[in-house]
Amino acid sequence: MTYLQKKNTMKFLYFLIIIVFSALGASGQGEYYLTDSIMFSGIKLIDGGDKVNSRYCQVKMKDKVVRYSPYEVMEFGFRDGRIFVSREIQIADSLRRVFLRRLNKGNTHLYYYRDTGIRTYFIEKDSNLVIELPKHNIDNKCYTELLSELTNDCPNVADAAKLVGYGKKSLSTFINRYNTCKARPFPHFKYGLFIGYEFSRLIPSNELSEVYSSFNYHYDGGLAMGLFLDNPILVSDFSLHVEVYFTKHGFSYNRSSPAEDLDLIVNVSSFRIPVWIKYSVPVNRIRPYFYAGALYSYNIKNESNLYMASISDNMILINSLTEGSSISKNEIGYGVGFGLEYDFDYRKSIFIEIRHNDLYGITENMSHRNSIFHLTSGINF
């Protein structure tokens, strides 16, 4: 092997070592910083927060801290996976070189920049074009419009560009979707209205007298109307789904014998607040979903009466056997359900679902519990 061949081989090995250590540092296995010629790993970085990190790479060396500017260091990374890279950006009318926090990996990068009075994002395409993504630019154009223009070569994210929020998680999720260009629904905040039909059946608790257990409890139907909020958890396919709705039921149960008739009449009007964890299957257009969670019910009207009718000397005697209510004023329970959601534009959708709930009295032990099946349809905005 000639001297020139040996020299070229050493250069190649040197370059390969830098690449390997760079990959290890970038993957969060250790802290590092990289200059234009060499990488330093196994060091201790000082985290000054996004604001200070945008100005300096701070390295602890024995008993002192050395600060490097974006002109001296090309990139540095913390053990938790945060990476800052040196880039020249334009803020207002001035050019400056700063450290930008890189939020994703891929052909197109998203960066976050924070300084005094500044919180903004940058997009890097083709490894040389860094474009600011302010919430509103000088022409008062919204960031969603800028995203639509920058990503118009991928039609699969056209609707997502209208829904993305101005935050690290939402924007980085969007850019990752753009890099892969896969058609997939984008998680976004929803609200809406629904109307349903609720089938409710009372079940006596063990503390109630044997008289109550003698009835044949059947389901009673009643309308349910309400509104809801649905907020994605960390821009994922899971969301926190909260509702409030009103429903009304009138229960009537009878038991007859040769000696007497028993009638139980219960009238309940309720405001109910379900809190669900919802999972939506990430498919387009027609989307199944499932959820489970807790349910609270406040019974604003809560009346129950037990009557006994008996015949004596050819006379019908009716006696009231109860005082108060056999339904708890406050109830809490759990629920599960599933449904189908149909998108008819990028934001609006309609849905139909079925759920089962069980409610138990909170304050009164001598009360019925409630078993509920619920069929609902509504609209998301």
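To be clear, the structure that these remarks concern was listed above.
Rules used in this analysis
- Along each chain, the written sequence defines residue order, and numbers are assigned to residues from 1.
- Per-residue local features are limited, in this predicted model, to residues with pLDDT of at least 70; the limit for side-chain atom pairs, both in listing and counting, is 80 or more; totals at the level of whole chains, interfaces and linings are taken over all residues.
- Hydrogens and water are ignored here; the side-chain numbers use all heavy atoms of the structure.
- Helix and strand definitions here come from DSSP, where helices need a minimum of 4 consecutive H or I residues and strands a minimum of 2 consecutive E residues; each element is numbered from the N-terminal end.
- Buried, partly exposed and exposed residues are distinguished by accessible area as a fraction of the type maximum, computed with a 1.4 Å probe on protein chains only: under 20%, between the cut-offs, and over 50%, respectively.
- Contacts are assigned to residue pairs with any non-hydrogen atoms lying within 4.5 Å of each other.
- All accessible-area figures derive from a Shrake-Rupley calculation using a 1.4 Å probe, and residue coverage is judged against the displayed protein chains alone.
- The arc in question is traced by the directions running from the helix axis to the C-beta atoms.
- Classification of ring pairs rests on two measures: the distance between centres of Phe, Tyr or Trp rings, Trp counted by its six-membered ring, which must be within 6.5 Å, and the angle between planes, read as stacked under 30 degrees, edge-to-face over 60 and tilted in between.
- The criterion for a charge sitting over a ring is simple: Lys NZ or Arg CZ within 6 Å of the ring centre, and within 35 degrees of the ring normal.
- Salt bridges are defined as contacts in which a side-chain nitrogen from Lys or Arg sits within 4 Å of a carboxyl oxygen from Asp or Glu.
- A pair of sulfur atoms, both from cysteines and within 2.5 Å, is called a disulfide here.

J.: Explain the overall build of the chain residue by residue, including any values.
T.: For the chain, the count of helices and strands is six helices and 20 strands. Each of the 381 residues in the chain was classed as buried or not, and the buried ones make up 42%. A separation threshold of at least 6 residues defines the contact pool for the chain, and within that pool the share at least 24 residues apart is 57%. Summing over all exposed atoms, the chain offers an accessible surface of approximately 20700 Å²; the carbon and sulfur share of this is 58%.

J.: Report on helix α3 (residues 143–150), specifying residues and quantitative values.
T.: Taken as a whole, α3 has its buried residues at Tyr143, Thr144, Leu146, Leu147 and Leu150. Around the axis of α3, the buried residues are gathered within 160° of arc, so they sit on the same side. Looking at the buried side of α3, the elements it contacts are β10 (118–125), β11 (129–133), α4 (160–163) and α5 (168–180).

J.: Outline the packing of aromatic side chains, listing residues and values.
T.: Given two aromatic rings, their pairing is described by the distance between the two centres and the angle made by the two planes. This structure, assessed with the given rule, holds 23 aromatic pairs. On the basis of an interplanar angle of 70° and a centroid distance of 5.9 Å, the ring pair of Phe194 and Tyr245 is categorised as edge-to-face. With Phe194 in strand β12 (residues 190–204) and Tyr245 in strand β14 (residues 238–256), this pair connects stretches of sequence that are 51 residues apart. Look at Phe194 and you get buried, because its relative accessible area is 5%. Overall, the relative accessible area of 1% leaves Tyr245 in the buried class. In this structure an aromatic cluster arises from ring pairing among Phe76, Phe78, Phe84 and Phe99. Sitting above the plane of the Tyr56 ring, Arg67 keeps its charged end 4.3 Å from the centroid.

J.: Give me the lowdown on the pattern of salt bridges, citing residues and values where you can.
T.: By the definition in use, this model includes 18 salt bridges. Among the ionic pairs, Asp159 bridges to Lys162, the shortest N-O distance being 3.9 Å. Asp159 sits in the partly exposed class, given a relative accessible area of 39%. Judged by its relative accessible area of 42%, Lys162 is partly exposed. Notably, a salt bridge pairs Asp237 with Arg184, separated by 2.7 Å at the nearest N-O pair. On the criterion of sequence distance, the pair formed by Asp237 in the loop between β13 (220–232) and β14 and Arg184 in the loop between α5 and β12 is long-range, its members being 53 residues apart.

J.: So what's going on with the state of the cysteines? Which residues, and what values?
T.: Tallying each qualifying case throughout the model produces one disulfide. Between the sulfur of Cys154 and that of Cys181 lies a disulfide, 2.1 Å long from S to S. The disulfide joining Cys154 to Cys181 has a torsion of about 110° about its S-S bond and is therefore right-handed. Taken together, the residues span a long stretch of sequence, with Cys154 in the loop between α3 and α4 and Cys181 in the loop between α5 and β12 at a distance of 27 residues. Classification of Cys154 by relative accessible area gives buried; the value is 2%. By relative accessible area, Cys181 is classed as partly exposed at 27%.

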